Amino acid sequence: MAKFSIGNNIRKLRFNANEMTQQELAEKVGVTRQTIVAIEKGKYSPSLELAFGIALAFNVPLEEVFYVENNPP
Amino acid sequence: MSYQERRSIASLISTLLIGGAYLLYVLQRYQADAPANELHFWASAILIMIPVYILLKIVAIIVFTILNTIATRVQEPDIADERDRLIELKSVRSSYYTFMFGFVLAMFTAVLSMPASTLFLVLIISLLAAMILYDVAQFYFYRRGV
């Protein structure tokens, strides 16, 4: 299977959610602020549970939060 | 630099200081006392090392937490989430492989009929190397990502 990376729109979604801070999002989904920072920077791919948790925090479907950056051939 | 990265560096420094000082102390005692029962001396050295290391490490972490809070004026929540647990697991794995390599090396010294002091010295050094690698791996994973 070809390698692909996962991008995210968390920064944009936070902005649209009344400039929600990373700390506020972290508290909503039950992780540390550093984990949210790492996810935003693409340094950490969250578990399915956390990914859905983030989507629920913004009240949007999962694919609006995360997307495939390089489509496999 | 994040809180976890600073904590890893503090842990690494304390490991180097505690481990290095203890190793020097044991070597000095060994040369000064020239124990008749080498096995007893080295086994005691390892058994004493474990609680001493744990105790001093706890003190070092408390000191770091206090200094960090004073410097940043932010009290970091000491919770571990899924990323912390993953990094912990990966670091423990690196540490485990290092110690296993040292253990096999120590067995080779016994097979080659080297003195007991060599075997125990290799064991203590591999223990220290495993602890150091644990801190280095944690810093690396927090900085580079997992």
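An account of the accompanying structure is given in this report. Everything numeric in this text was worked out from a predicted model, so none of it was measured.

Each value, and the rule that gives it
Just so you know, the residues in each chain are numbered from 1, in the order the chain's sequence is written. Written order decides the labels, with chains lettered from A and ligands numbered from 1. It should be noted that, the model being predicted, local features are given only for residues of pLDDT at least 70 and side-chain atom pairs only at 80 or more, the latter also being counted only at that level, while totals for whole chains, interfaces and linings use all residues. To obtain the side-chain values, all non-hydrogen atoms of the structure were included, while hydrogens and water were left out. Helix and strand definitions here come from DSSP, where helices need a minimum of 4 consecutive H or I residues and strands a minimum of 2 consecutive E residues; each element is numbered from the N-terminal end. Throughout, exposure labels follow a simple rule: accessible area from a 1.4 Å probe, protein chains only, divided by the maximum for the residue type, with under 20% read as buried, over 50% as exposed, and the rest as partly exposed. Throughout, a contact is declared for two residues whenever any of their heavy atoms are within 4.5 Å. The accessible surface values rely on the Shrake-Rupley method and a 1.4 Å probe; as for residues, cover is taken only from the protein chains in view. Charge assignment: positive for Lys and Arg, negative for Asp and Glu; neither His nor the chain ends contribute. Where a charge lies is defined by one atom per residue type, namely NZ (Lys), CZ (Arg), CG (Asp) and CD (Glu). Note: buried area is the sum, over both parts, of the accessible area (probe 1.4 Å) each one loses when the two are combined. Counted as salt bridges are all cases of a side-chain nitrogen of Lys or Arg within 4 Å of a carboxyl oxygen of Asp or Glu.

### Some details on the overall build of chain B
- Summing up its helical and strand segments, chain B has four helices and zero strands in all.
- If you list the helices and strands of chain B from N to C, you get α-α-α-α.
- Counting all 146 residues of chain B, 35% fall into the buried class.
- Intrachain contacts of chain B at a sequence separation of at least 6 include 79% that bridge at least 24 residues.
- Of the roughly 9,000 Å² that chain B leaves accessible, carbon and sulfur atoms contribute 73%.
- The positive charge centre, built from 11 side chains, and the negative charge centre, built from 10, are 6 Å apart in chain B.

### Some words on the interface of chain B and chain A
- Contact with chain B, which involves 14 residues of that partner, is made by twelve residues of chain A.
- Together, the buried faces of chain B and chain A total about 990 Å²; carbon and sulfur atoms form 46% of this surface.
- Counting the surface chain B buries against chain A, the share from its top three residues, Asp81, Glu82 and Arg83 of chain B, is 52%.
- Our count for the chain B to chain A interface comes out at zero salt bridges.

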